[in-house]
Amino acid sequence: MPTLDPGRRRILTGLLGLGSLALASCAAQRQSPPTPASTPAPDAASAPTVGSSPSPTPTAASFPTRTQVLARHKGQPAGEFGLEVTGIELGLPAKARGAALSFDACGGPGGEGYDAALIKALRQHQAPATLFINRRWAKANTSLVRELAADPLFEIANHGTTHAPLATRGQSAYGIPGTADSGAAYDEVMDNQHYLADKFGIQARFFRSGTAHMDELGAALCREVGLIPMNFTVNLDAGATFPAGTVTAQTMLLAAGDVGIGHFNRPGSGTAAGVAHALPGLLENLASAKLSLLKLSEAFAPAGS
C-alpha cells in the first residue's frame, strides 16, 4: 500500500471525521455513529501477509472457491478493522501520473437513485471515473449498468452484495453490523462479483465495502480472489450530504496520487453541481502539473502495459 505524505494524510484524516456518518448513510440514513468496534492489531508474525501488487483479475471460472478460502483463512487473526488498515489501498501507486475520481452506488431503501446530472457532467468534461456498484443498485438499475459499462469513460467496480462492512469477526461500523465471519465476507465480495460477471459480463478489478470499513483479513481475502480493496484519500461529498460548494472545494483538493470518493445514486444532492463546477479548474490544475484524471485500472496497470 503506498504511503501518503503527511499533507495528504492530514486531508484524509480530517475528512474522515467530516464524512464518517455520511459514508454509512446508504445503509442506515442519518444514524448516529458510535465508535466503530475494532479488533486488536495482531503481532507482525501473525498478521495476514498482503502484497501491494495484486494478481490480474481472474475469470469467474478461476476464482478460489469458498471452501478453499475458508480453509486458508482458518485460524488466522482478523487484524485491525477500519478505513485504512494494512492491505487497503488509499491512493494511487507512486508511478501513477494523476488522480482518480470514484463514485459509489449503494442501493437499498432510498439508495437506488441515479444522479444523471453527475454522469452528464463527467461526460461533458471527458472526466473518467470508477463507479463502485452494489448488487442491490445493479438489480434495480440493470439498463443503467449496461449503459455505464459500455461507456469507455467509466469502469465498473464491486461495492459488495448487501453493503455491509467487510469483517471476519462481525465488527461494526457506525452501528452497522459487518459480515459475521470469513464465509460471510467471501459471500459479500463474491456474490456481487459473480452477479456483475454473469449478468453484465463485467470482471470488476476493485472492491470497496459498505461504509468503506474492513479488517485486515477481509482485505487479504479480496487480494486472494484477485481484487484490489480500494478506499480513498479525499471525501468529496460525505455520502452525498455535503452542499455543492463544499463538494467543489473538496474536489479541488485532488492532486497527484489522490482518490476521491463520492456518490452517484443520490440525485438532488450537491454532488453533481459541486463536481461539475470543480471539473474545469481541477482538469486545468492537473494538466499544468502534467497529470490527468485516471480510471483506477489505468493507475494500477502493470508496468509496460
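Rules used in this analysis
Each chain carries its own residue numbering, running from 1 in the direction its sequence is written. Only residues with pLDDT of at least 70 are given local features in this predicted model, and only at 80 or more are side-chain atom pairs given and counted; all residues enter the totals for whole chains, interfaces and linings. To obtain the side-chain values, all non-hydrogen atoms of the structure were included, while hydrogens and water were left out. Strands are runs of DSSP state E lasting at least 2 residues, helices are runs of H or I lasting at least 4, and numbering of each runs from the N terminus. For this analysis, residues touch if any pair of their heavy atoms sits within 4.5 Å. Within 3.5 Å is the distance limit for a polar contact, defined as a pair of N or O atoms, with the added protein rule that one can donate a hydrogen and the other accept it, and that residues adjacent in sequence qualify only through two side-chain atoms. For helices, the fitted line uses only the C-alpha atoms of the stretch in contact; every axis is such a line through C-alpha atoms, and the angle between N-to-C directions lies from 0 to 180 degrees. Any angle that is under 35 degrees is reported as roughly parallel, and any over 145 degrees as roughly antiparallel; angles of 65 to 115 degrees are reported as roughly perpendicular and all others as oblique. In this scheme the crossing of two helices becomes right-handed for a clockwise turn of the near helix relative to the far one and left-handed for an anticlockwise turn of less than a right angle. Side-chain classes follow a simple rule in which Ala, Val, Leu, Ile, Met, Phe, Trp, Tyr, Cys and Pro form the nonpolar group, Asp, Glu, Lys and Arg form the charged group, and the remainder, Gly included, forms the polar group. Each residue is placed in one exposure class: buried if its accessible area under a 1.4 Å probe, protein chains only, is under 20% of its type's maximum, exposed if it is over 50%, and partly exposed if it falls in between. Only strands joined by at least two bridges in the DSSP assignment are considered to pair. By convention a crossover is right-handed if, when the strands point away from the viewer, the path from the first strand over the helix to the second runs clockwise.

1. Some thoughts on the environment of R97
Argument step 1. Considering the arrangement of structural elements, one finds R97 in the loop between β1 (81-82) and β2 (98-105).
Argument step 2. Sequence separation between R97 and L293 is 196 residues; the distance between their C-alpha atoms is 8.5 Å.
Argument step 3. Discounting chain neighbours no more than four positions away, the residues touching R97 are A289, K290, L291, S292 and L294.
Argument step 4. There is a polar contact of 3.4 Å between the side chain of R97 and the backbone oxygen of K290.

2. Brief notes about the packing of helix α2 (residues 66-73) against helix α6 (residues 182-200)
Argument step 1. Across the interface, α2 lies against α6 with an axial gap of 10 Å and an inter-helix angle of 135°. As judged from the angle between their axes, α2 and α6 are oblique. The chirality of how α2 crosses α6 is right-handed. In this structure, α2 uses R66, V69, L70 and H73 to contact α6, whose residues at the interface are S182, G183, A184, Y186 and D187.
Argument step 2. Looking at the contact of α2 with α6 residue by residue, the class counts come to four nonpolar, three polar and two charged.

3. Here we look at the pairing of strand β3 (residues 129-133)
Argument step 1. Summarising burial for β3: five of the five residues are buried, a large majority.
Argument step 2. Side chains A129, L131 and I133 project from β3 onto one buried face, and the interleaved T130 and F132 project onto a second face that is buried too.
Argument step 3. Across four bridges, β2 lies against β3 in parallel orientation. Bridge pairing in β3 links F103 to L131.
Argument step 4. Crossover β2 to β3 through helix α3 (residues 116-124) is right-handed.
Argument step 5. Two elements, β3 and strand β4 (residues 154-158), share five bridges in a ladder whose sense is parallel. Bridged to A129 within β4 is F154.

Such coordinate-based values are descriptive only and should not be taken to indicate function.
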